[in-house]
Amino acid sequence: MSFTEKVRFFKTVAVSGATALSILGLNGCNPQTPVAIVEPSVPVVQPATQANTKPESTTVKNLISAYNGESNAHVMYLAFAQKADAEGYKEVGSLFRAAARAEAIHRDNHAKVIQGMGGTPKNNIATPVVKSTAENLTQAIKGESYERDTMYPGFIKEAKQAGNQAAVQTFNYALEAETGHAKLYTTAKNNLASWKQANRPLYVCPVSGYTTLDTNSKNCLKPFEKVS
């Protein structure tokens, strides 16, 4: 090999080596070369199907609906009680206060089951529309009849299908009490003139909210609360 050919050979080897080192560097194979990690400037939004939030079950939704209803009924009946007292219907006032206490028990029972299922009790309290005592009784009968005939039977059926015994129980407690409330309200409305004097105390079961004029009732395993 001539001197000129040797020079050309070594130049070719040098260029090839430099090119190889350059490629290795771009590929990050050189342990001395730091690798840059580029973060996206806008957070990546995960599809809804990949979200970590667990959708509420139908039973929880029903419990929250009932919780909201009982919360509002509690406030409304207290307002109705004040109106009855002002109009001279003392015993009707006592009935509304007893029912308000029962609704608070239902509200709290529902809340415990909701929380036990990992949910959060939610309510939206509306300002009660207070009319005459006769009209207030009509409104109360309408609300209790709906819960007795439609709302709670439907909620109980769904909870049974879901196998949720705690929900079934709290719904049954409320259904039994609302059935009694509807009867008491109807009696008071049909005999309004005789419900002026609060001669008969009312009692509420602290467990189920069952409301009665008779403490001998076997619908409560604990002593009744007297509500006047």
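The structure under discussion appears in the preceding block.
Draft legend 1. Quick look at the overall build of the chain. A count of helical and extended segments in the chain gives 5 helices and 3 strands. When its helices and strands are written in sequence order, the chain yields α-α-α-α-α-β-β-β. Looking at the chain residue by residue over its 228 residues, the buried ones come to 36%. In the chain, 71% of the contacts between residues at least 6 apart in sequence involve partners at least 24 apart. About 13900 Å² of surface is accessible on the chain, with carbon and sulfur atoms providing 56% of the total.

Draft legend 2. Layout of the environment of A86. Note that A86 resides in helix 2 (residues 58–86). Overall, the relative accessible area of 68% leaves A86 in the exposed class. A sequence separation of 47 residues divides A86 from T133, and the C-alpha atoms of the two residues are 9.5 Å apart.

Draft legend 3. Region of interest: the nonpolar core. One finds Y77, V92, L95, F96, L137, Y185 and V204 to be the most contacted residues of the largest nonpolar core, which totals 25 residues. Secondary structure elements with two or more residues in this core: helix 2, helix 3 (90–116), helix 4 (133–162), helix 5 (165–190) and strand 1 (202–204). Contacts of F96, omitting those with residues within four sequence positions, involve Y77, F80, A81, A84, N136, L137, A140 and Y185. Counting 18 residues, the second-largest nonpolar core is a separate cluster that includes I64, A111, V113 and Y152.

Draft legend 4. Inspection of the state of the cysteines at higher detail. Scanning all chains against the criterion turns up 1 disulfide. The disulfide bridge from C205 ends at C220, spanning 2.0 Å between sulfur atoms. Disulfide C205-C220: torsion about the S-S bond near 70°, hence right-handed. Here C220 lies in the loop between strand 2 (211–212) and strand 3 (225–227) and C205 lies in the loop between strand 1 and strand 2, a separation of 15 residues in the sequence.

Draft legend 5. Quick look at helix 5. In a regular helix each residue adds 1.5 Å, so 26 residues correspond to 38 Å; helix 5 covers 38 Å between its end C-alpha atoms and thus fits that length. Regarding helix 5, its N-cap is N164, as a side-chain oxygen of that residue lies 3.3 Å from the backbone nitrogen of A166 further along.

Draft legend 6. Quick peek at the packing of aromatic side chains. On inspection of all chains with the given rule, the structure shows 8 aromatic pairs. For the ring pair F80 and F96, a centre distance of 5.4 Å and an interplane angle of 65° mean the geometry is edge-to-face. Here F80, found in helix 2, pairs with F96, found in helix 3; they are 16 residues apart in sequence, far enough to count as distant. Overall, the relative accessible area of 0% leaves F96 in the buried class.

Draft legend 7. Up close: the packing of helix 3 against helix 4. Contact geometry for helix 3 and helix 4: axes closest at 12 Å, N-to-C directions at 30°. One element, helix 3, and the other, helix 4, form an angle in the roughly parallel class. The way helix 3 lies across helix 4 gives a crossing that is left-handed. Across from V92, F96, E103 and H110 in helix 3, the residues of helix 4 making contact are T133, N136, L137, A140, E144 and Y152. For the contact of helix 3 with helix 4, a count of residues per class yields 5 nonpolar, 3 polar and 2 charged.

Draft legend 8. View of the side chain of T170. Note on placement: T170 falls in helix 5. In this structure, T170 is in contact with L63, H106, N109, H110 and V113, ignoring residues within four places of it in sequence.

Draft legend 9. Seen up close, the pattern of salt bridges. Overall, the coordinates contain 7 salt bridges when judged by the stated rule. Linking K122 and E56 is a salt bridge whose minimum nitrogen-to-oxygen distance equals 3.4 Å. Here the residue K122 occupies a position in the loop between helix 3 and helix 4, and E56 occupies one in the loop between helix 1 (3–26) and helix 2, the gap between them amounting to 66 residues.

Draft legend 10. Looking closely at the sheet that holds strand 2. Judged by pairing direction, the sheet is antiparallel, and its 3 strands sit side by side in the order 2-1-3 without closing on themselves. Every interior strand has two partners, whereas the edge strands, strand 2 and strand 3, have only one. Pairing geometry for strand 1 and strand 2, over 2 bridges, is antiparallel. The residue bridging Y203 from the neighbouring strand is T212, located in strand 2.

Criteria and cut-off values
- Residues numbered from 1 in each chain as written.
- Predicted model: local features only at pLDDT ≥ 70, side-chain atom pairs only at ≥ 80, totals over all residues.
- Heavy atoms only, no water.
- Helix = DSSP H or I, 4+ residues; strand = E, 2+ residues; numbered from the N terminus.
- Buried < 20%, exposed > 50% of the residue type's maximum accessible area, 1.4 Å probe, protein only.
- Contact = heavy atoms within 4.5 Å.
- Areas by Shrake-Rupley, 256 points an atom, 1.4 Å probe, with all protein chains shown as cover.
- Core = buried A, V, L, I, M, F, W, Y, C linked by side-chain atoms within 4.5 Å.
- Disulfide = S-S within 2.5 Å.
- Expected span 1.5 Å × (residues − 1).
- Polar contact = N/O pair within 3.5 Å; in protein donor to acceptor, adjacent residues only side chain to side chain.
- Phe/Tyr/Trp six-rings, centres within 6.5 Å; stacked < 30°, edge-to-face > 60°.
- Axes fitted to C-alpha atoms, helices over the stretch in contact; angles between N-to-C directions.
- Parallel < 35°, antiparallel > 145°, perpendicular 65-115°, else oblique.
- Left-handed = near helix turned anticlockwise from the far one by under 90°.
- Nonpolar A, V, L, I, M, F, W, Y, C, P; charged D, E, K, R; others polar.
- Salt bridge = Lys/Arg side-chain N within 4 Å of Asp/Glu carboxyl O.
- Pairing = 2+ DSSP bridges.

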